[in-house]
Amino acid sequence: DARVTQTPRHKVTEMGQEVTMRCQPILGHNTVFWYRQTMMQGLELLAYFRNRAPLDDSGMPKDRFSAEMPDATLATLKIQPSEPRDSAVYFCASGSPLENTEAFFGQGTRLTVV
Amino acid sequence: AQSVSQHNHHVILSEAASLELGCNYSYGGTVNLFWYVQYPGQHLQLLLKYFSGDPLVKGIKGFEAEFIKSKFSFNLRKPSVQWSDTAEYFCAARGAGNKLTFGGGTRVLVKP
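Since the model is a prediction, treat every value here as computed from it, not as a measurement.

## Here we look at the overall build of chain A
And then number 1: What chain A contains, in helices and strands, is zero helices and 11 strands.
And then number 2: Counting helices and strands in the order they occur from the N terminus, chain A gives β-β-β-β-β-β-β-β-β-β-β.
And then number 3: For 114 residues, the compact-globule formula gives about 13 Å, and the C-alpha radius of gyration of chain A, at 13 Å, lands near that figure.
And then number 4: Expressed as lengths along the three principal axes of its C-alpha atoms, the size of chain A is roughly 40 × 30 × 25 Å.
And then number 5: Burial analysis of chain A (114 residues in total) assigns 48% to the buried set.
And then number 6: Contacts spanning at least 24 positions in sequence make up 53% of the contacts within chain A whose residues lie at least 6 apart.

What follows is the structure in structure tokens.
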């Protein structure tokens, strides 16, 4: 059963600490999206990659956030240093290179920064 | 810039009532359109999608959506909702460059 896997599912950390969230896209998918979901802002696109290259990260605060794809099976989203306002659910989604297909979402990482 | 807007933030209705959620997009060129559903505490799941062809698209769980190009709309409908349809619904669009943009979501509460 192919699915997008995100780890950790939950993370509680203190302000100022580094947080790394990981995403394993579905095998063969070449597009990866990172979204942040909050009550106030809804679903915000932070960054997305195609064939491991970043296409758009304009939605990401550059001073503290970074997104990478070290290889085709792993995408990471890092926050350093974390702040309470970063508390949210972070979703990863992946998409196939085939036309007329949708993006599949992971279960999300619920981040709480205290 | 590409954008997606959903008309209603919250909808409350009773079981067996009909549901229609509005979605408008702002894109130039070819666009793919989607509706996703997020049940409480869960991730987003695809309800239906439109790429081309018949503008009336049928999805899972009795949902359908109609693509009206002249109105830049892709409204979601269900003739008779159930309590289990309580969820948040997101319209999304994908244009050139594969960027997938979501609307603000509509929270639907179905009262038993």
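## Description of the nonpolar core
And then number 1: B:Trp35, B:Leu48, B:Phe74, B:Leu76 and B:Tyr89 are the most contacted members of the largest nonpolar core, which totals 29 residues.
And then number 2: Each residue touching B:Leu76, except ones within four places of it in the same chain, is listed here: B:Leu19, B:Glu20, B:Leu21, B:Trp35, B:Leu47, B:Leu48, B:Phe63, B:Glu64, B:Ala65 and B:Tyr89.
And then number 3: Of all hydrophobic cores here, the second largest spans 22 residues; its members include A:Val4, A:Met60, A:Ile79 and A:Tyr90.

## With respect to the sheet that holds strand β3 (residues 19-24) of chain A
Residues and elements named next belong to chain A.
And then number 1: Here four strands make up an open sheet; going across it, the order is β1-β3-β8-β7 and the pairing antiparallel. The open sheet has two edge strands, β1 (5-7) and β7 (65-71), and neither has a second partner. Sheet twist, expressed as the mean angle between neighbouring strand axes with direction ignored, is 20°.
And then number 2: In terms of strand pairing, β7 meets strand β8 (residues 74-79) through five bridges, oriented antiparallel. Counterpart to Ser66 in the pairing with β8 is Lys78.

## Concerning unusual backbone geometry
Residue and element names in this part refer to chain A.
And then number 1: In this chain, Thr7 is followed by Pro8 through a cis amide linkage whose omega measures -10°.
And then number 2: Of note, the amide linkage connecting Gln80 to Pro81 takes the cis form, showing an omega dihedral of -5°.
And then number 3: Turning to its location among the elements, Pro81 is positioned in the loop between β8 and β9 (88-95).
And then number 4: For Arg52, which is not glycine, the phi dihedral falls at a positive 75°.
And then number 5: Among the secondary structure elements, Arg52 is positioned in the loop between β5 (42-50) and β6 (53-56).
And then number 6: Judged by relative accessible area, Arg52 falls into the partly exposed class, the value being 42%.

## With respect to the environment of B:His7
Residues and elements named next belong to chain B.
And then number 1: Topologically, His7 is positioned in the loop between β1 (3-6) and β2 (10-14).
And then number 2: What makes His7 partly exposed here is its relative accessible area of 46%.
And then number 3: Expressed as a C-alpha distance, the spacing of His7 and Gly59, which sit 52 residues apart in the sequence, is 21 Å.
And then number 4: With residues up to four places along the chain from it excluded, the contact list for His7 reads Gly22, Cys23 and Asn24.

## Thoughts on the interface of chain A and chain B
And then number 1: Residue-level contacts link 19 residues of chain A with 18 residues of chain B.
And then number 2: Carbon and sulfur atoms supply 53% of the area that chain A and chain B bury against each other, a total of about 1700 Å² over both sides.
And then number 3: Among the residues chain A hides against chain B, the three largest losses belong to A:Leu43, A:Glu102 and A:Phe105. Together they make up 29% of the total.
And then number 4: The tally of links from chain A across to chain B stands at nine residue pairs in polar contact (both at pLDDT 80 or more).
And then number 5: For the side of chain A that touches chain B, the class distribution of residues is 10 nonpolar, six polar and three charged.

## Some thoughts on the pattern of salt bridges
And then number 1: For the structure shown, the criterion picks out 12 salt bridges over all chains.
And then number 2: Two residues, A:Arg64 and A:Asp86, come together in a salt bridge whose shortest N-O distance is 2.6 Å. Of this pair, A:Arg64 sits in the loop between β6 and β7 while A:Asp86 sits in the loop between β8 and β9, and the two are 22 residues apart along the sequence.
And then number 3: Since its relative accessible area comes to 1%, A:Asp86 is described here as buried.
And then number 4: Taking the shortest distance from any N to any O, the salt bridge between B:Glu64 and B:Arg77 comes out at 3.5 Å. Of this pair, B:Glu64 sits in strand β8 (residues 64-68) while B:Arg77 sits in strand β9 (residues 73-78), and the two are 13 residues apart along the sequence.

Conventions used here
- Residues numbered from 1 in each chain as written.
- Chains lettered and ligands numbered in written order.
- Predicted model: local features only at pLDDT ≥ 70, side-chain atom pairs only at ≥ 80, totals over all residues.
- Heavy atoms only, no water.
- Helix = DSSP H or I, 4+ residues; strand = E, 2+ residues; numbered from the N terminus.
- Rg over C-alpha atoms; globule rule 2.2 N^0.38 Å.
- Buried < 20%, exposed > 50% of the residue type's maximum accessible area, 1.4 Å probe, protein only.
- Contact = heavy atoms within 4.5 Å.
- Core = buried A, V, L, I, M, F, W, Y, C linked by side-chain atoms within 4.5 Å.
- Pairing = 2+ DSSP bridges.
- Axes fitted to C-alpha atoms, helices over the stretch in contact; angles between N-to-C directions.
- Buried area = accessible area lost by both parts, 1.4 Å probe.
- Polar contact = N/O pair within 3.5 Å; in protein donor to acceptor, adjacent residues only side chain to side chain.
- Nonpolar A, V, L, I, M, F, W, Y, C, P; charged D, E, K, R; others polar.
- Salt bridge = Lys/Arg side-chain N within 4 Å of Asp/Glu carboxyl O.

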